Amino acid sequence: FHKIFFLCFFLSNLGTYSSEIEFVAKEIQIIDNQNLTIAIDAQAIVPENKLSLKGNKIEHYKDKSLLKITKGDFTKNDNLFIKADNTEYLINNSFLDLKNNVEVKDLKNDLNIRSKQIYYDLKKEEIKSDKDSVITDNSGNIYNIEEFIYNRNENLIILTNTKVTDKQNNIYFFEKAYLDTLKK
């Protein structure tokens, strides 16, 4: 199979915003008066956000400034890896909505996060979920939480309704807890 390299430039009506996205794929279709690009077994690279997105199928809706990724893997240059079955990437807002079997591996802070749905604001470097989630840290602690907000710039995770199980199987419950990712 030949790989196809496809480079797109997207301009928005919101001032001078401009984003460049590079596609590498086995197959690319451009339809709907060049509004919809469908890439199969593809990778989309967004240099502005230091983001690489891979998926079985990537759909780009030019008029909505939207990428939809099926069975995706995502990488940020700062050692953040994400997997999800379904993802919507709002290009102009630098925002990812990740759904179904979401797993985040933060190698910088040695954390694993699993959830049904996660939102990732790339501008704020904020990862959050209002769905039941599980966070595991490098000390072997397991945090079962109803919701969380993880600010990567501040190295802080705010946990709501949390059950913590430590490596000695001690169990603790917290209505609200704060996890400093710099303290190991």
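Up top you'll find the structure we're talking about.
Quick notes on the packing of aromatic side chains
- Per the stated rule, a full pass over the model turns up one aromatic pair.
- An angle of 25° between the planes, with centres 6.1 Å apart, marks the rings of Phe95 and Tyr119 as stacked. Here Phe95, found in strand E7 (residues 95-106), pairs with Tyr119, found in strand E8 (residues 111-121); they are 24 residues apart in sequence, far enough to count as distant.
- Across from the ring centre of Tyr61, 5.4 Å away, lies the NZ or CZ of Lys64, which sits over that ring.

A look at the pairing of strand E3 (residues 36-46)
- Alignment of E3 against strand E4 (residues 51-61), held across ten bridges, turns out to be antiparallel. Paired with Leu36 across the bridge in E4 is Tyr61.

A closer look at unusual backbone geometry
- A positive phi angle, near 50°, is found at Lys71, a position not held by glycine.
- We note that Asp110 has phi near 55°; this positive angle belongs to a residue other than glycine.
- Its location among the elements puts Asp110 in the loop between E7 and E8.

Side note on the environment of Thr70
- With respect to the helices and strands, the residue Thr70 is situated in strand E5 (residues 66-76).
- For Thr70, a relative accessible area of 29% corresponds to the partly exposed category.
- Residues Thr70 and Gly55, 15 residues apart in the sequence, show an inter-C-alpha distance of 5.6 Å.
- Excluding residues within four positions of it along the chain, Thr70 makes contact with Gly55, Asn56, Lys57 and Asp85.

Conventions used here
Residues numbered from 1 in each chain as written. Predicted model: local features only at pLDDT ≥ 70, side-chain atom pairs only at ≥ 80, totals over all residues. Heavy atoms only, no water. Phe/Tyr/Trp six-rings, centres within 6.5 Å; stacked < 30°, edge-to-face > 60°. Helix = DSSP H or I, 4+ residues; strand = E, 2+ residues; numbered from the N terminus. Lys NZ or Arg CZ within 6 Å of the ring centre and 35° of its normal. Pairing = 2+ DSSP bridges. Buried < 20%, exposed > 50% of the residue type's maximum accessible area, 1.4 Å probe, protein only. Contact = heavy atoms within 4.5 Å.

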